[in-house]
Amino acid sequence: MRLSMTKRLKKSRFVSSLAAAGAAALVLSACASAAPETASEGADEAEVQETEAAEETTASVSLILKNLTNPFFVAMEQGAVAKAEELGVDLTVGAAREEGDDQGQIDLIEAAIAQGQDGILITPMSTNVNNAITAAREAGLYVIALDSPTEPADIVSSTFATDNCLAGEAIGEWVAGELDGERAVIAQLVIFDDRVVPVDFCRANGFMMGMGIDVPVLEEIGSAADSGTYTTGAGGEYEVACIEATGANEEGGRSGMERCLAANPDINVVYTINEPTAFGANVALEAAGKVIGEDVLVVSVDGGLAGVQAVADGQIQATSQQYPLRMASLGVEAINTIAQGGEPPANTSANGLFFDTGVALCTDNPQETVVAAPQETSEYCIENAWG
């Protein structure tokens, strides 16, 4: 099994020492069975029993990420580790080698099953990991998808996520308001062009819907017409100049944007799947002589510290902020509760399909057209950023 990283948080030494002390106390009690039990000895035995019960009910959880280099997933790891330490949960953290490494995630799921863990938190790579998730649930593990809903949604036990469709809609509504009737020549920089990933199609098509462009098939990136009219705000004409797969990283953003500009140098709107992609796209835009914020609008999703700082600096005009640390922390807490016999979390999203961890649109130029999410300043978003 090839893993980017796997590490385990061990149980507290304090708990282990209590158990050892308790075992010694039981031996001494057995050797002196003829002697009456004192109040102190009874209290010690009760403490031992409580400690043993705690040992028996310690929850074990695997956090399985897409990678451990993207600050978004690093924040998830931090949130999960902090909550696991607080609750005494036995946490294993692992990740695929890179975007698209379905087998890496499948290997980690199978390891969690083999270890008899209580649950899995996963940012699913694609529908290619669905069978492994199903196997985990059949083995009795409670599986929570983080950030990236599965397709279909009921493959997992629950999902803790931002509403990625609303996150996309918010930046689309913002663009339409900022354009105020101007023609939009759009570049879409997505993750993949060879697989179905809910976070990918939901953000990209949510952006189009936010602009008021008809999207016939939500699950299909590119199902909108190549040209036509957008209807949000003042409305106007639009053209999709390109849709490029980037792998959701900076280098992919740069090369994807270069291909887009070669196809159509008149691009004035750039949708990016995340902020690292936007940073790469900006390199290509500036090399082509484009002034970001004037000649071209760049929008994104994630809301990491570097991303919202870029909003303050005028390098990204608007980004939808998510809260990955919160997602992972709540996920660890939920599985721990279930392992102790508690109830699973109730869904809170508008469509009733997942637990919504919230989204805000970060911009220093708010638009009346934005209704999908609250608008916040870059200062607010920096204060609430991860990464």
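Provided above is the structure to which this section pertains.
Every value quoted in this text rests on a predicted model; they were computed, and no experiment measured them.

> Explain the pattern of salt bridges to me, using residue names and the numbers behind them.
Enumeration according to the criterion identifies 12 salt bridges in this entry. Of the charged contacts, one joins Arg-97 and Asp-101 as a salt bridge, the two residues approaching to 3.1 Å between their closest N and O atoms. Assessed through its relative accessible area of 40%, Arg-97 is described here as partly exposed. The class for Asp-101 is buried, based on a relative accessible area of 7%. A salt bridge links Arg-195 to Asp-194; the shortest N-O distance between them is 3.1 Å. Among the charged side chains, a salt-bridge network with shared partners connects Lys-83, Glu-86 and Glu-333.

> Could you give an account of the packing of aromatic side chains, naming the residues involved and the relevant values?
The final tally for this structure, using the stated rule, is 4 aromatic pairs. Geometrically, the ring pair formed by Phe-72 and Phe-73 is edge-to-face, given 5.6 Å between the ring centres and 85° between the ring planes. Judged by relative accessible area, Phe-73 falls into the buried class, the value being 4%. Members of the aromatic cluster, each reached through a chain of ring pairs, are Phe-72, Phe-73 and Trp-386. The ring of Phe-192 carries the charged tip of Arg-195 above its face, separated from the ring centre by 4.6 Å. Here the guanidinium or amino end of Arg-326 rests over the ring plane of Tyr-323, the centre of that ring lying 4.5 Å away.

What counts, and where the lines are drawn
Once a new chain begins, its residue numbering starts again from 1 and follows that chain's sequence as written. In keeping with the predicted nature of the model, local features appear solely for residues at pLDDT of at least 70, side-chain atom pairs appear and are counted solely at 80 or more, and the whole-chain, interface and lining totals rest on all residues. Here the side-chain values reflect all heavy atoms present in the structure, with hydrogen atoms and water set aside. In the sections that follow, a salt bridge refers to a side-chain nitrogen of Lys or Arg positioned within 4 Å of a carboxyl oxygen of Asp or Glu. A 1.4 Å probe rolled over the protein chains alone gives each residue an accessible area, and that area as a share of the maximum for its type sets the label: buried under 20%, exposed over 50%, partly exposed in between. Pairing of aromatic side chains requires ring centres within 6.5 Å, counting the rings of Phe and Tyr and the six-membered ring of Trp. Pairs whose planes differ by under 30 degrees are stacked, by over 60 edge-to-face, and all others tilted. The criterion is that NZ of a Lys, or CZ of an Arg, lies within 6 Å of the ring centre and within 35 degrees of the ring normal, and then a charge sits over that ring.

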